[in-house]
Amino acid sequence: MSEAIDTGERPLRIGETAPPFSARSTKGPVKLADYRGRWLVFFSHPADFTPVCTTEFIAFAKHQADFDALDCALLGLSVDSLYSHLAWVRAIEAQFGVAIEFPIVEDPSMAVGRAYGMIDAAAQDSSAVRATYIIDPDGIVRAINVYPHTVGRSVDEILRTVAALQRTADGNVLTPEGWHPGQPLLAPPPERVMEGGDLGWFCRTVDAS
């Protein structure tokens, strides 16, 4: 049985503390507090044994080492039961040869999903949304993306976003469009317009080192 602190009807926002919860998972009992001190990608999927979700979980599993290199954990969730999760994980490994090593939380009461805004307050199931929350080591939500059930997420983009959030966490630099680690960064905008005819004052690149 999953338990969570409800944030009310207002959706969770970037910069807010992620609602604490405890639940059963495919790797045993988990709590959000277990992930304090490291980054976390917490994502919901509409249902087990569905085609889009299967491709996403395979992609997350194949990138497990890349997330580990960023000290970023993965945690999945759906309203399906723990027994369904376990059967699905076994089926993925048998069919595709891919082991799902990260936990998948059960949420049959939809308590966690509703606390996070993954599920509309009036919804009877979670089939209309696949949401992703990137949570920092202090438990603060740093990024949110939401897709309809018909469109799969890009795990490459989620991995890139984690790396970008980590690189800009100190507030000294920004990442440009499509940035990847090792590429040039952007300087934050100055507090006042630069003088001396510098026309590029509003968008200046800096070395990635």
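Here, the structure is the one placed above.
Residues numbered from 1 in each chain as written. Predicted model: local features only at pLDDT ≥ 70, side-chain atom pairs only at ≥ 80, totals over all residues. Heavy atoms only, no water.

A. Molecular detail of the pairing of strand β8 (residues 141–147). Of the pairings in the sheet, the one linking strand β7 (residues 130–135) to β8 comprises 6 bridges and is antiparallel in character. Note on β8: the bridge partner recorded for Ile-135 is Val-141. Joining the antiparallel neighbours β7 and β8 is a turn of 5 residues, in which Gly-139 adopts a positive phi near 85°. (Pairing = 2+ DSSP bridges. Helix = DSSP H or I, 4+ residues; strand = E, 2+ residues; numbered from the N terminus.)

B. Up close: the sheet that holds β8. Taken in spatial order, the 5 strands of this open sheet run β6-β5-β4-β7-β8, and their pairing is mixed. Of all the strands in the sheet, just β6 (104–106) and β8 have a single pairing partner and so form its edges. Along the sheet, successive strands turn relative to each other by an average axial angle of 20°, direction set aside. In this structure, strand β4 (residues 39–44) lies alongside β7, joined through 4 bridges in antiparallel fashion. Bridge assignment links Leu-40 to a residue of β7, and that residue is Ile-135. Against the sheet, helix α3 (residues 82–96) touches β5 (72–78) and β6, its axis set at about 150° to β6. Set on the sheet, helix α5 (residues 155–167) makes contact with β4, β5, β7 and β8; between it and β7 the angle comes to about 25°. (Axes fitted to C-alpha atoms, helices over the stretch in contact; angles between N-to-C directions. Contact = heavy atoms within 4.5 Å.)

C. Region of the structure containing α5. The end-to-end C-alpha distance of α5, which contains 13 residues, comes to 18 Å, matching closely the 18 Å that a straight helix rising 1.5 Å per residue would cover. Listed as buried for α5 are Val-155, Ile-158, Leu-159, Arg-160, Val-162, Ala-163, Ala-164 and Leu-165. Looking at the packing, one finds that the buried side of α5 touches β4, α1 (51–62), α2 (64–69), β5, β7 and β8. (Expected span 1.5 Å × (residues − 1). Buried < 20%, exposed > 50% of the residue type's maximum accessible area, 1.4 Å probe, protein only.)

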